[in-house]
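Letter by letter, the chains look like this.
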Amino acid sequence: MDGNRIRKIVIVGGGTAGWMTAAAFAKILGPRYADITLVESEEIGIVGVGEATIPQINIYNRMLGLDEDDFVRETQGSFKLGIEFVDWGKKNHTYFHPFGPFGVDMDGVSFHAYWLRMMHGGDPRLVTDYSLTSVAASQNRFMRPVNAGNSPLSRIAYAFHFDASLYARFLRRYSQARGVKRQEGKITKVHQRSEDGFIESVELESGQKIEGELFIDCSGFRGLLIEQTLKAGYEDWTHWLPCDRAVAVPCAHGDGEFTPYTRSTAREAGWQWRIPLQHRIGNGYVYSSQFISDDEAAAKLMANLDGEALADPRPLRFVTGRRKKAWVKNVVALGLASGFLEPLESTSIHLIQSGIARLLTLFPSRDFEPADIERYNFMIAREFAQVRDFIILHYHLTERDDTPLWEYCRSMDVPETLKEKYRIFESHGRIFRDNDELFNDTSWFAVMIGQGLVPRSYDPVVEAMDEATLRARMNELHSVIGNCADQMPGHADFIAMNCAAK
Ligand code: FAD
């Protein structure tokens, strides 16, 4: 086996995907296992957006052994307890998709089933009133979970907002300290083996060749190896997710709050993100070019900032979908090179992380077993499709018909996999999580209810609890959550105490 081991790995691209891969390989494989070189071009630069994450990033951070305060400090980061959706289900309506659970399961039944019973009985409380992260977010509070037994304070789930360029730099320092070699330069040629088309080397403008046995394509939208060289093909999902452009601009902190959550506000032809960092707020308008011009989109964005713009608005174009095969021959694509799903639920960085984890599970020898490659491609395709359905849900499940985009989205046909989720939910509010799908029942429930889909009834099993007992337990839980939120410091105070940038 030793002779067959991969000894030269080349990572093409030094954006979030490239440096996340380099850091993970440096930690798990290390320079004694293989020589790891990352090639990046300052002239081309990185996409530089992608600043909101989901709680799974904590698994990646723990794997690297990061000091979380350092990480937040060095990336001008902030904390994230969920996403606030404004004007999505209908205008002048807001809901919250929190991280972490609603309430607690009682007698082995999901909490949301009990909540539905209460709601059908006329109780006005929202399901998010039983989520500590949601209540804390509404008061701009944050703290990490503590060891407090059964208290909701033990189960605070959170993620981060960070500056994408600082994040790449942070991971670069980490990787280089662990033996990753960085090569600056623009790749202008790719050389393939004549017998089987495997990539042999990439050549820089300077003429320098970098040879490898395994290539990780993190070259961004262009897919330098996976598409331009190996022609993997692309599955286009624009008919379900018609947004194909974005315009992004940072602004200064103004009068708005330093929220421990991302805000997503539906607009006439798409939606606007607001991501608060320590030194600035990241903003962008994701839109469909069928329904609004670039100039109008930029003007709308600039008119809806908290504070003074800190740069000119930057346009971005994309095609929503995925590479038909993320792994072809000796090339594995990660990040934007593998596909694109709009950042409505901040999933792209997670998809990089999960691609790295799956690749490490199926790490090849120089034999590149076709069955392993097929398995990898199957798992990546399934995960992309599951996330896609969750994002479509936000567009499709709306009462809005006030602009052509919303009219199109509410009446479009959706994938059969999503239709099945609707069918099961509509009767008794049940949700099933297939094959470890990324979003769990709390997420689906939060968005389905938040967007106005109320099941006709509730799980009959919850009637095993008598109504007085249920009411008492719900009241108690509600007050416990309120008390826990009261104990949490403000988000800004927490950062000032622990991880303020210098
Ligand atoms: P890039 O950052 O584009 O990096 C590509 C690298 O390849 C660069 O280093 C470049 O120099 C190099 N390269 C390319 N060609 C060559 C060449 N010929 N020679 C040498 N080097 C080359 N994700 C989230 O999880 N959360 C979000 O909130 C979020 N928001 C987003 C908003 C928008 C509008 C967009 C478009 C994306 C967003 N994403 C988000 C996705 C996220 O930005 C990306 O997943 C992430 O930044 C990874 O990018 P990347 O590393 O694949 O590509």
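Computed from a predicted structure; not experimentally measured. (Residues numbered from 1 in each chain as written. Predicted model: local features only at pLDDT ≥ 70, side-chain atom pairs only at ≥ 80, totals over all residues. Heavy atoms only, no water.)

## Considerations on the site of the ligand
Okay, step 1: Residues in contact with the ligand amount to 35 residues; listed here are only the nearest, Gly 14, Ala 52, Ile 187, Leu 336 and Ile 349.
Okay, step 2: Take Ser 41: an N or O atom from its main chain is 3.0 Å from an oxygen atom of the ligand.
Okay, step 3: Backbone polar atom of Leu 336 to an oxygen atom of the ligand: 2.9 Å apart, as the coordinates give it.
Okay, step 4: If the ligand stood free it would expose 1000 Å²; the protein chains cover 97% of that surface. (Near = heavy atom within 4 Å. Polar contact = N/O pair within 3.5 Å; in protein donor to acceptor, adjacent residues only side chain to side chain. Areas by Shrake-Rupley, 256 points an atom, 1.4 Å probe, with all protein chains shown as cover.)

## A few points about helix H8 (residues 348–361)
Given 3.6 residues per turn, any residue in an α-helix points the same way as the ones three and four places further on.
Okay, step 1: With 14 residues, H8 extends 20 Å from end C-alpha to end C-alpha; this agrees with the ideal 20 Å at 1.5 Å per step.
Okay, step 2: For H8, every residue scored as buried is listed here: Ile 349, His 350, Leu 351, Ile 352, Gln 353, Ser 354, Gly 355, Ile 356 and Leu 359.
Okay, step 3: The inward-facing, buried residues of H8 contact helix H1 (16–28), helix H2 (57–64), strand S11 (214–217), strand S19 (327–328), strand S20 (331–333) and helix H9 (370–396). (Helix = DSSP H or I, 4+ residues; strand = E, 2+ residues; numbered from the N terminus. Expected span 1.5 Å × (residues − 1). Buried < 20%, exposed > 50% of the residue type's maximum accessible area, 1.4 Å probe, protein only. Contact = heavy atoms within 4.5 Å.)

## Details of the domain arrangement of the protein chain
Okay, step 1: By the assigned domains, the protein chain splits into domain 1 (2–51 + 163–235 + 320–386) and domain 2 (245–317).
Okay, step 2: Computed from C-alpha coordinates alone, the two centres of domain 1 and domain 2 are separated by 29 Å.
Okay, step 3: Contacts between domain 1 and domain 2 engage 9 residues on the former and 13 residues on the latter.
Okay, step 4: Between domain 1 and domain 2 the total buried area reaches about 860 Å² when both faces are included, carbon and sulfur atoms providing 59% of it.
Okay, step 5: Summed over the three residues of domain 1 that lose the most area to domain 2, namely Val 49, Glu 51 and Asp 163, the buried surface amounts to 48% of that side.
Okay, step 6: Between domain 1 and domain 2 we count 2 salt bridges in total.
Okay, step 7: At the surface where domain 1 touches domain 2, the tally comes to 5 residue pairs in polar contact (both at pLDDT 80 or more).
Okay, step 8: Per-class residue counts for the side of domain 1 that touches domain 2 are 5 nonpolar, 1 polar and 3 charged. (Domains from an automatic or database assignment. Buried area = accessible area lost by both parts, 1.4 Å probe. Salt bridge = Lys/Arg side-chain N within 4 Å of Asp/Glu carboxyl O. Nonpolar A, V, L, I, M, F, W, Y, C, P; charged D, E, K, R; others polar.)

## Concerning the packing of H9 against helix H11 (residues 416–428)
Okay, step 1: With their axes 10 Å apart at the nearest point, H9 and H11 run at an angle of 65° to one another. In this view, H9 runs roughly perpendicular relative to H11, as classed from their interaxial angle. For the element pair H9 and H11, the recorded crossing hand is right-handed. Contact residues: H9 offers Arg 388, Asp 389, Ile 392, Leu 393 and His 396, while H11 offers Thr 417, Leu 418 and Tyr 422. (Axes fitted to C-alpha atoms, helices over the stretch in contact; angles between N-to-C directions. Parallel < 35°, antiparallel > 145°, perpendicular 65-115°, else oblique. Left-handed = near helix turned anticlockwise from the far one by under 90°.)

## Re the nonpolar core
Okay, step 1: Core analysis: the largest hydrophobic core is formed by 139 residues, its most contacted members being Ile 9, Ile 216 and Tyr 395.
Okay, step 2: Taken domain by domain, this core gets at least three of its residues from each of domain 1 (2–51 + 163–235 + 320–386) and domain 2 (245–317).
Okay, step 3: If near-sequence neighbours (up to four positions away) are discounted, Ile 9 is found in contact with Phe 25, Leu 29, Ala 34, Asp 35, Ile 36, Thr 37, Leu 214, Ile 216 and Phe 363. (Core = buried A, V, L, I, M, F, W, Y, C linked by side-chain atoms within 4.5 Å.)

## Let's talk about the side chain of His 394
Okay, step 1: Mapped onto the elements, His 394 comes out in helix H9.
Okay, step 2: Ignoring any residue separated from it by four or fewer positions in sequence, one finds His 394 in contact with Phe 85, Trp 88, Tyr 95, Leu 344, Glu 345, Val 447 and Gln 451.

## Some thoughts on the pairing of strand S15 (residues 270–276)
Okay, step 1: With 7 of 7 residues buried, S15 is to be regarded as a mostly interior element.
Okay, step 2: As paired strands, strand S14 (residues 262–267) and S15 are joined by 5 bridges and run antiparallel to one another. Considered in S15, the bridge of Ser 264 is made with Trp 273.
Okay, step 3: Examined bridge by bridge, S15 and strand S16 (residues 281–287) share 7 bridges and lie antiparallel to one another. Of the residues in S16, the one forming a bridge with Pro 276 is Ile 281. (Pairing = 2+ DSSP bridges.)

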